Amino acid sequence: MAVRDAVAGPPGPGRDEETALFFKRAHYRHDPCWQMPVPPRLCLACMLELLPEPRVSLVRKKHVLSCFHDALLRHASLVMQLVAQDQRICIHFISMLFGLLCNVEDGSVTDLCIEVLIQLTTQLKSEQIIHCLLDECHKELCNMPSMRGSLATLTFLGKLVDAIPPLADKLVMEHSDLMEHLLRGLVYPNEGVQASVCYLYGKLYSSPVAAETLSGHFREKLCPLFLSTLDGAQTKELQINCLGLLRQVLKYDLFVSVIMNKSALAESTEDVEGPPGKTSLPLVLKKLLLSRDETLQVASAHCITAVLVNSPVKHAPAFIHADIPEFLFEHLSSSSEVLVWSSYNCLILLAEEPLFFSKCHTVYGIESVVRSLQGSLRMNNTEVHKQGLLLFAEILTRQPEEIKLFTSSAMCRDAGRALQEAVSSPVLEVAAEAVKAISAFLRKDHQSIPPVQYRELRALLEAMLSRCADFSQTPLNRRPLGHASNRDSEKAILRRGKFLLSTLEGFRNACRLAVEFQSEPSAQENPFTAPSAEKEDTLEAFSEFLLSACDSLCIPMVMRHSEQATHPNLMEVFLSILHSLFVIVPHMKEKFSKKLASSSFIRLTLELKARFCGSLSHSALNQVCSSFLYYMTLNLLSAPEKTGPPSQEELSAVSAFLQHGLPQISSRSPESLAFLSDRQYVEGTARQRQYCILLLFYLAYIYEDRFVSEAELFVAVQSFLLSLQDQGERPPLVIFRASIYLLAICQDKDGALDEAVVSAIRKFLEGIPDLHLVYIHHPLLLRFFLLYPELMSRFGHRVLELWFSWEESSCEELDDVPSAGQSPLPASITALFHMLRSSPSILLILLDLIYSSPVDTARKVLIVLRTFLRKNEDVEVGGLIRGHFLLILQHLLVEHGASPSGASGNLPLLLSLLSLVQLKNTSEQELDSMAMKLLHQVSKLCGKCSPADVDILQPSFNFLYWSLHQTTPSSQKRAAAVLLSSTALIELLEKTLALTWTEVDTPSTALLCSAWLLTASFSAQQHDGSLQVHRTLSIELDQVLKVLSFPKKNAALLSAAILCFLRTALQQSFSSALVALVPSGAQPPPAPENTVLAPLRTSQVLSLVIGLQNLLVQKDPLLSYACVGCLEALLDYLHTRSPDIAFHVVSQPWNRFLLFTLLDAGESSFLRPEILRLMTLFVRFQSSSVLSNEEVGHVLQGAALADLSTLSNTTLQALRGFFLQVQSMGILADHSTTQTLQASLEGLSLSTSFAQPPLDMLCLGGVAVSLSHIRD
């Protein structure tokens, strides 16, 4: 008793509960080993006696079972130790539980029994116990007169097989007769029993072995009963269990065929009159889809998917005829991600059947698909996103062209926007599916609903390309080196390549769409766009966007990827895009081709052909590469850079050999060069291939893609030309042009062609009508023609003419630079100058060009020659040019003596060049016989012209003027005699000078300047040398003075020239034998005081002085020289005729104001030569009121402090003259000032002896000017 009390435990609150667990009448007899050591303190022996006892209430039994179940869950190991103590007791306990299960009708107790039995069986893992239970179940089902009480047994059996799957095979093999009882349960009118049977069947058919064993059972007996049960099921439990069984059965092809055949038979019997006795699976699943239960809808969709996965083509029609797609499309609007995903799967499989489209299910459901996509993209389930996009892509791809998918442009726009949102997804898999869908979306029949949404298409493509660009620029994960990291990098590159390929396929479809719309007038632009609005929704704008997007995004992405990996399929799509863009944007195809060529696309394409297209592999890539090269080559030849466009006949010939030769090229550059160098007999097909190779190398070199060695190519082209000569062939003009260009470019500076090659080239050239057909504008090609005497003598003139006709910007640039001495020369001009220096005889050809070429070309030649002469002072070409020009001039005067101005429009250019050559001469050079002949011919030419022939007269006057002033005094006398002998020239000068004061038909100011300077020079030379005068030149003195008193605006040089003439006349005291200064019109008799100054009058003198003062105030250096010189000559003239008037003129107060106005320019302004000469004049005439002795002392002190080394020679001379004049006048009494003056004179003498001679000859505003002539 003590032991039992100890086991029973102390009395307390839990005592009553523990008492309920014990069987009091028998518990005292039980050994403590059968009792649980922890709560709940169950006694297994008590349970064995309590549970079968009919007098114990069901509630107590349920409580005991519940506690035991809890103990199993909480203390499984302790319970198993308790139960497994004795195998016999264990089996008896399980049998007792099974008996309770079969005899109790309370469902909750039944469930507890099933749970406890399943737990014990699975934990004990005893084969004997399992056999015992199977036997008990078998016996129970066989001995049961009715299926009414079989629910618990069936339920337990199903859950036991579920817990221990291998039991399915054992049950089917060893208890096969149970199947008949299961069939009875399936037809029993109790959905609970039916549900249990279906559950058990589902577990049996989940085993492949059992399913194979039961295949005949299913085909012959179970299938129709099961379909009927599923069709008539009312409770959700039965519906779910039936669908569970169906899903297990549909895993096997055999059962799918059986079910679908039965369904087809059932559908056929429905079409025939008679009682309906069979059920169709599509119709049953359709009914479940129509239910409002989401679980049943999802399960039904899964079953449809399971059938279609087996064979979509075979089984899809049955579901389509049942209108199941219609309800699946309706479910796409559900908020359940599982249902939407399941519906997507079904529809994807149904889309493999053409009937799906022909019955217009897609037209009905496309709006649902688009809306579902828009909604699903807001979810976080990427699987739903991917399946939705996959479905959309399948529909877009498989939709027949004759059936319009989108019925309105608004729906098409919504679809595009949904795709745009999808492709921007950060999830790569979603974006990849979106790209595929976009590719299918870009089809003409999908987009041809007016108006075409070009702006939306552009936004869609931009999003796709942007997503691809972002992904391609994502850095690869760089982990430590090793095989694993290499594999990861390769996988990442492969993913990028696939995504890029999909993107390019989409872009190619967009290009194809643009090409197809070119033939659709309604697709050219949006007819609903306002006329004033920007034309963005037009095919043209869309096409230009495609070109821009390819240039800025597609090409960089492909080039970056090709640095890591090259995939033939990707490059095939890429090159087909480039090819299509030539057609899409025809007005940009030449420019685009040039950019591609300059970006090494010729090399890229040839490398692709060499790498992948050998031995007939990748024929599609070879075809695309050849087509791309074909069109790009024709585009480049149609719009050449530096040569004339080919004729249509040439392009046809090129097209022919490109079409035949390009597909045959699949060799690398060394092999191609070797093939080009082959001197053996070359057949027609091989020759065409050589043409293609040479043309591609030529275009690559034109656009600076020199992927072939220059030396090797130089040799190959020579061999090619000799091969042509050997076989007596004449290459097409394009090929010969390419050959010459490559030889010129590849020729080394020290290398030279063989004589045989030069001879062959000359023969080829002589057979060409005009050199421009093969000319290419390049300095090296010009050098090539001028380097070889055999070519230069025959073609030098024409090639130089062509060179200048193409040279635009460089010549203009030279012409814009005044001196052309500081800025660097263009490269082409520098190359030409190098040739001129190495071969001066080229200058003779250039002279002929100036005379014989069109005016524009001749002007360019003149600009270049002028610059060359200025830049190359050391090159002695004057004699060469003058001699050749003399011949030209003599020929011109003989043929066009009456009117030389009409002989050639280029004559002024030749004369300008002659003037420039004359300007290069030194001042002390004697005039030789050629120079004298030129003077004679030019003066003769001038005499045949009128003042209106400014273009001829201006350079001629410049030449005559420079010839007079750039030689020795003896040559000056001879030259003046020659010129004065030309009465026509003197007459021309007289007419020209008279135009100075006319308002009508006034020639250019420059010509008037030259005429006055020439007249002054002629008069001085005639007077000094007492030369014979053949004709007097008459000038109106009043008009001369009037022009000086009222000068023209911006005519300082003209005023200086007239002052130079007037100074000469004053120095000669108006006694020149050449120039006669006559009064203008009727003049009153002179006053007595004016006869002394004749031909001047006092009023004229005063007016002239005022005019000179006004001109001096302008502070123009050249004009100031002329004014001071004229004032000096005037005062000398007045002092000789009337000293009083001279002193009166010098002493005017206005002179002091003039002097201080001139000195106001700066602190050292008194050191300007014109001011020094003016002060010297005032000192000479002792005009103290203008310049006092004290002021003279200040000037001397300032000059003594000045740095004489910084002063010009002209200033030093003027300063010396001022010092000497002051010294001779003796106006300084201060001894220190005298010493300062003496030191200054000595320093000035020393400085003057070492001073550099100033630049005397200038060309100002096109006028030849000698500074010493105007100044002195």
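Residues numbered from 1 in each chain as written. Predicted model: local features only at pLDDT ≥ 70, side-chain atom pairs only at ≥ 80, totals over all residues. Heavy atoms only, no water.

Observations regarding the overall build of the protein chain
Rules: Per the convention used, a helix needs a DSSP run of H or I reaching at least four residues, while a strand needs a run of E reaching at least two, with both numbered from the N terminus. Burial classification: accessible surface area is computed with a 1.4 Å probe over protein chains only, and a residue below 20% of its type maximum counts as buried, one above 50% as exposed, and the rest as partly exposed. Any pair of residues with heavy atoms lying within 4.5 Å of one another is described as a contacting pair. Only the protein chains shown count as cover for residues, with accessible areas throughout obtained via the Shrake-Rupley method and a probe of 1.4 Å.
Within the protein chain one finds 65 helices and four strands. Within the protein chain, the proportion of its 1272 residues that are buried is 53%. Sequence-distant contacts, at least 24 apart, represent 75% of the contacts inside the protein chain between residues at least 6 apart. By element, 53% of the accessible surface of the protein chain is carried by carbon and sulfur atoms, the whole surface being about 55300 Å².

Focus on the packing of aromatic side chains
Note the threshold: Each aromatic pair joins two rings of Phe, Tyr and Trp (for Trp, the six-membered one) with centres within 6.5 Å, and gets the label stacked for planes under 30 degrees apart, edge-to-face for over 60, and tilted for any other angle. Geometrically, a lysine NZ or arginine CZ counts as sitting over a ring once it is within 6 Å of the ring centre and also within 35 degrees of the ring normal.
Enumeration according to the criterion identifies 35 aromatic pairs in this entry. The interplanar angle of 70 degrees and the centroid separation of 5.5 Å between the aromatic rings of Phe 471 and Phe 499 together place this pair among those described as edge-to-face. On the criterion of sequence distance, the pair formed by Phe 471 in helix H29 (residues 454-472) and Phe 499 in helix H30 (residues 483-517) is long-range, its members being 28 residues apart. The interplanar angle of 85 degrees and the centroid separation of 5.9 Å between the aromatic rings of Phe 784 and Phe 785 together place this pair among those described as edge-to-face. Taken together, the ring pairs in this structure connect Tyr 201, Tyr 205, Phe 218, Tyr 252 and Phe 255 into an aromatic cluster. Positioned over the ring face of Phe 675 is Arg 689, at 4.3 Å from the centre of the ring. Over the face of the ring belonging to Tyr 1121 we find Arg 1271, whose NZ or CZ atom lies 5.8 Å from the ring centre.

Some thoughts on the pattern of salt bridges
To be explicit about the condition: Just to be clear on terms, a salt bridge is a Lys or Arg side-chain nitrogen sitting within 4 Å of an Asp or Glu carboxyl oxygen.
Applying the stated criterion across every chain, the model contains 29 salt bridges. The closest approach of N and O atoms between Lys 386 and Glu 383, which form a salt bridge, is 3.1 Å. Residue Lys 386 and its partner Glu 383 are located together in helix H25 (residues 382-398), separated by three residues, close to a single helical turn. The partner of Arg 798 in a salt bridge is Asp 770, with the nearest N and O atoms 3.0 Å apart.

Some points on the nonpolar core
Keep this limit in mind: Buried residues of nine kinds, namely Ala, Val, Leu, Ile, Met, Phe, Trp, Tyr and Cys, make up a nonpolar core once their side-chain atoms join them within 4.5 Å.
By size, the foremost hydrophobic cluster in this structure holds 443 residues, and its most contacted members are Leu 120, Phe 406, Leu 546, Leu 765 and Phe 957. The element contributing the most residues to this core is helix H58 (residues 1117-1137), with 13 residues. Those residues in contact with Phe 406, other than ones at most four positions away along the chain, are Ile 366, Phe 392, Leu 396, Met 411, Cys 412, Ala 415, Phe 441, His 446 and Ile 449.

Some points on the packing of helix H40 (residues 733-746) against helix H42 (residues 779-787)
Note the following rule: All axes here are fitted lines through C-alpha atoms, helices being fitted over the stretch that makes contact, and every angle between N-to-C directions spans 0 to 180 degrees. Note on terminology: angles under 35 degrees are roughly parallel, angles over 145 are roughly antiparallel, angles of 65 to 115 are roughly perpendicular, and the others are oblique. Any residue that is not Ala, Val, Leu, Ile, Met, Phe, Trp, Tyr, Cys, Pro, Asp, Glu, Lys or Arg is counted as polar, Gly included; the first ten are nonpolar and the last four charged.
The N-to-C vectors of H40 and H42 enclose an angle of 95 degrees; their axes lie 8 Å apart at closest approach. Our classification of the angle between H40 and H42 gives roughly perpendicular. Contact with H40, carried on its side by Ile 740, Tyr 741, Leu 743, Ala 744 and Ile 745, involves Leu 780, Leu 781, Phe 784 and Phe 785 of H42 and no other residues of that element. Looking at the contact of H40 with H42, its residues break down into nine nonpolar, no polar and no charged.

Structural notes on helix H10 (residues 151-163)
Stated formally: The length a helix should cover is 1.5 Å for every residue beyond the first.
For H10, with 13 residues, the first-to-last C-alpha span of 18 Å sits near the 18 Å given by 1.5 Å per residue. Within the span of H10, buried status applies to Ala 152, Thr 153, Leu 154, Thr 155, Phe 156, Leu 157, Gly 158, Leu 160 and Val 161. Buried residues in H10 make contact with helix H7 (87-103), helix H8 (107-124), helix H9 (127-143), helix H11 (167-174), helix H12 (178-187) and helix H13 (191-204).

Overview of the packing of helix H18 (residues 281-290) against helix H19 (residues 294-310)
Definition in use: Here a crossing is taken to be left-handed if its near helix is turned anticlockwise relative to the far helix by less than a right angle, and right-handed if that turn runs clockwise.
Two elements in contact, H18 and H19, have axes separated by 8 Å at closest approach and are oriented at 150 degrees. On the basis of their axis angle, the class for H18 and H19 is roughly antiparallel. Between H18 and H19 the crossing geometry is left-handed. Where H18 abuts H19, its residues Leu 281, Leu 285, Leu 288 and Leu 289 lie against Leu 296, Gln 297, Ser 300, Ala 301, Cys 303, Ile 304 and Val 307. Taken together, the residues of the contact of H18 with H19 break down into nine nonpolar, two polar and no charged.

Things to note about the side chain of Asn 1151
Cut-off, in case you're wondering: Residues adjacent in sequence count toward polar contacts only when both atoms are side-chain atoms; beyond that, a polar contact is any pair of N or O atoms within 3.5 Å, and within protein one must be able to donate a hydrogen and the other to accept it.
Of note, Asn 1151 is situated in helix H60 (residues 1149-1159). A polar atom in the side chain of Asn 1151 sits 2.6 Å from the side chain of Gln 1109. Leave out the neighbours within four places in its chain, and Asn 1151 touches Gln 1109, Val 1145, Val 1146, Phe 1178 and Val 1186.

Structural notes on the environment of Cys 468
Secondary-structure assignment places Cys 468 in helix H29. Through-space distance from the C-alpha of Cys 468 to that of Val 435 is 9.3 Å; in sequence the pair is 33 residues apart. Each residue touching Cys 468, except ones within four places of it in the same chain, is listed here: Phe 499, Leu 500, Thr 503 and Met 557.

A few points about the environment of Leu 1158
Along the chain, Leu 1158 turns up in helix H60. Note on Leu 1158: relative accessible area 4%, which makes it buried. A C-alpha to C-alpha distance of 7.5 Å links Leu 1158 and Lys 1115, two positions 43 residues apart in sequence. Those residues in contact with Leu 1158 that lie beyond four places of it in its chain are Leu 1112, Lys 1115, Ser 1165, Arg 1168, Ile 1171 and Leu 1174.

Brief notes about helix H57 (residues 1098-1113)
With 16 residues, H57 extends 23 Å from end C-alpha to end C-alpha; this agrees with the ideal 22 Å at 1.5 Å per step. Buried-residue contacts for H57 involve helix H55 (1037-1045), helix H56 (1052-1067), H58, helix H59 (1139-1146) and H60. A positive backbone phi angle near 60 degrees is found at Lys 1115, which sits one or two residues after H57.

So, the side chain of Gln 447
Take Gln 447: it is sitting in helix H28 (residues 444-447). If we ignore the near neighbours within four places in the chain, the residues touching Gln 447 are Cys 412, Phe 441, Val 452, Leu 457, Leu 513 and Phe 517.

Overview of the confidence of the model for the protein chain
Note the cut-off: On a scale of 0 to 100, pLDDT captures the predictor's confidence in every residue.
On average, the protein chain scores 84 in pLDDT, and the residues at 70 or more come to 88%. The secondary structure element of the protein chain with the lowest average pLDDT is helix H1 (residues 2-8), at 33, and the one with the highest is helix H32 (residues 568-584), at 95. Every residue in residues 1-17 scores below 50 in pLDDT, and together they form nine contacts with partners more than four places removed in sequence or on other chains. Contacts for the low-pLDDT stretch residues 272-277, under 50 throughout, to residues beyond four places or in other chains number zero contacts.

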